Amino acid sequence: MSRRGPLRAFLIDDEPLALKRLARMLDATGRVEVVGRATNPVDGLAEVAAQPVDVLFLDIHMPGLSGFQVVERVPPGPMVVFTTAHDEHAVQAFEVNAVDYLLKPIERKRLDNALDRVAARLAAPGGDDVREALGRLAQHLRVAPFLEHLASRTRDRVQLIPVAEVTHVLAKDRATYAVTVSTQHMLDTTLAELERRLDPAQFLRINRGILVNVAWVGELQVDPDGHLVVRLKDGPRSELAVSRDRVRALKERLGLA
């Protein structure tokens, strides 16, 4: 039996700007009624339980309860679409388990595809099977702890650098470096691997070769050519270029969009 009327959606994300942007995108599709949103997952669960909801858009990395813990507690009924900044392992698991996800920053075409999948699931029988699949997914996708140190190997010595001291991670000359206030440490890993293993709430890719620790961002400025530049709070006030396709993500992370 086909379902009539717009999909009733509830949104949970601890970043208010991300919530606002997703709600705006959903409204623009003309296919969805956003019946509520919450930045606190506990409050969100209570609101979802109190009203009919077809689909829950759920962030993964949140304080208090992770998205996976929310899945275990969500009342029967809504489908779940996860959102994630960048976690390739989770993305692969979502694909295998046929439970959808949206990779931030969310693209309109990808959002439409997710809504198609949700509508198809809601129109098909077997809701209990969906619930079981979500439970298995939650168990499978227990996110491994993010790195707290980066390892720099020099001959027979390994130096551990706390990630809080790393202002940015730099890829250059076919090597990867963790940059601190005092020096650069060569790492035995790739930038892509570090992007997966560092906390996305702390480290953000701002161009093809740099992950910046947002805690070290002091100010933004526009250079004479009109490009955005990040100025760090380190001693030399290092300046890092932001690629045009990453400007929106950086501004949203800093609460400027």
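Cut-off values and rules
Residues numbered from 1 in each chain as written. Predicted model: local features only at pLDDT ≥ 70, side-chain atom pairs only at ≥ 80, totals over all residues. Heavy atoms only, no water. Axes fitted to C-alpha atoms, helices over the stretch in contact; angles between N-to-C directions. Helix = DSSP H or I, 4+ residues; strand = E, 2+ residues; numbered from the N terminus. Parallel < 35°, antiparallel > 145°, perpendicular 65-115°, else oblique. Left-handed = near helix turned anticlockwise from the far one by under 90°. Contact = heavy atoms within 4.5 Å. Buried < 20%, exposed > 50% of the residue type's maximum accessible area, 1.4 Å probe, protein only. Pairing = 2+ DSSP bridges. pLDDT = per-residue confidence, 0-100. Salt bridge = Lys/Arg side-chain N within 4 Å of Asp/Glu carboxyl O. Phe/Tyr/Trp six-rings, centres within 6.5 Å; stacked < 30°, edge-to-face > 60°. Lys NZ or Arg CZ within 6 Å of the ring centre and 35° of its normal.

## Structural notes on the packing of helix 1 (residues 16–29) against helix 5 (residues 108–123)
Contact pair helix 1 / helix 5: the axes reach a minimum separation of 11 Å and the direction vectors enclose 70 degrees. One way to sum up the angle between helix 1 and helix 5 is to call them roughly perpendicular. Considering the relative orientation of helix 1 and helix 5, their crossing is right-handed. Contacts between helix 1 and helix 5 involve Leu-22, Met-25, Leu-26, Ala-28 and Thr-29 on the former and, on the latter, Arg-108, Leu-111, Asp-112 and Leu-115.

## Things to note about unusual backbone geometry
Phi is positive for Asp-173, which is not a glycine, with a value near 50 degrees. We classify Asp-173 as exposed; its relative accessible area is 69%. Of note in this structure, Arg-237 is not a glycine but carries a positive phi near 55 degrees. Within the secondary structure, Arg-237 is located in the loop between strand 14 (228–232) and strand 15 (239–241).

## Thoughts on the sheet that holds strand 14
Reading across the sheet, the three strands line up as 13-14-15 and stay open at both edges, with antiparallel pairing between neighbours. Bordering the open sheet on either side are strand 13 (217–222) and strand 15, each of which pairs with just one other strand. Geometrically, the sheet is characterised by an average inter-axis angle of 30 degrees between neighbouring strands, direction not taken into account. Where strand 14 lies against strand 15, three bridges are found, and the strand directions are antiparallel. Residue pairing for strand 15: Val-230 is matched across the bridge by Leu-240.

## What about the confidence of the model for the protein?
With 84% of its residues at a pLDDT of at least 70, the protein reaches an overall mean of 83. Confidence, read as mean pLDDT per element, is least for helix 4 (residues 88–97) in the protein (47) and greatest for strand 2 (residues 32–38) (97).

## Re the environment of Val-229
The topology assignment puts Val-229 in strand 14. Note on Val-229: relative accessible area 8%, which makes it buried. A sequence separation of 23 residues divides Val-229 from Ile-206, and the C-alpha atoms of the two residues are 9.7 Å apart. Apart from residues lying up to four places away in sequence, Val-229 is in contact with Glu-219, Leu-220, Gln-221, Asp-223, Glu-239 and Leu-240.

## Quick word on the pattern of salt bridges
Evaluated as defined, the whole model comprises nine salt bridges. Between Arg-21 and Glu-252 there is a salt bridge, with its nearest N and O atoms 3.6 Å apart. Pair noted here: Arg-21 is in helix 1 and Glu-252 is in helix 8 (residues 247–253), with a separation of 231 residues, a long-range link. Overall, Arg-21 belongs to the buried group, its relative accessible area being 15%. By relative accessible area, Glu-252 is classed as buried at 18%. Two residues, Arg-231 and Glu-219, come together in a salt bridge whose shortest N-O distance is 3.5 Å. Linking Arg-231 in strand 14 with Glu-219 in strand 13, this pair joins segments that are twelve residues apart in sequence. The partly exposed category is assigned to Glu-219, whose relative accessible area is 29%. Residues participating in the shared-partner salt-bridge network are Glu-219, Arg-231, Arg-237 and Glu-239.

## Section: the sheet that holds strand 11 (residues 203–207)
If you trace the five strands from one edge of the open sheet to the other, you get 10-9-8-12-11, paired in antiparallel fashion. In this open sheet, the two edge strands, each paired with only one partner strand, are strand 10 (184–187) and strand 11. Pairwise comparison of adjacent strand axes, ignoring direction, gives a mean angle of 30 degrees for this sheet.

## Considerations on the packing of aromatic side chains
Two measures describe an aromatic ring pair: the distance that separates the ring centres and the angle between the ring planes. Counted by the stated rule, this structure contains zero aromatic pairs. The ring of Tyr-177 is capped by Lys-172, whose NZ or CZ atom sits 5.4 Å from the centre of that ring.

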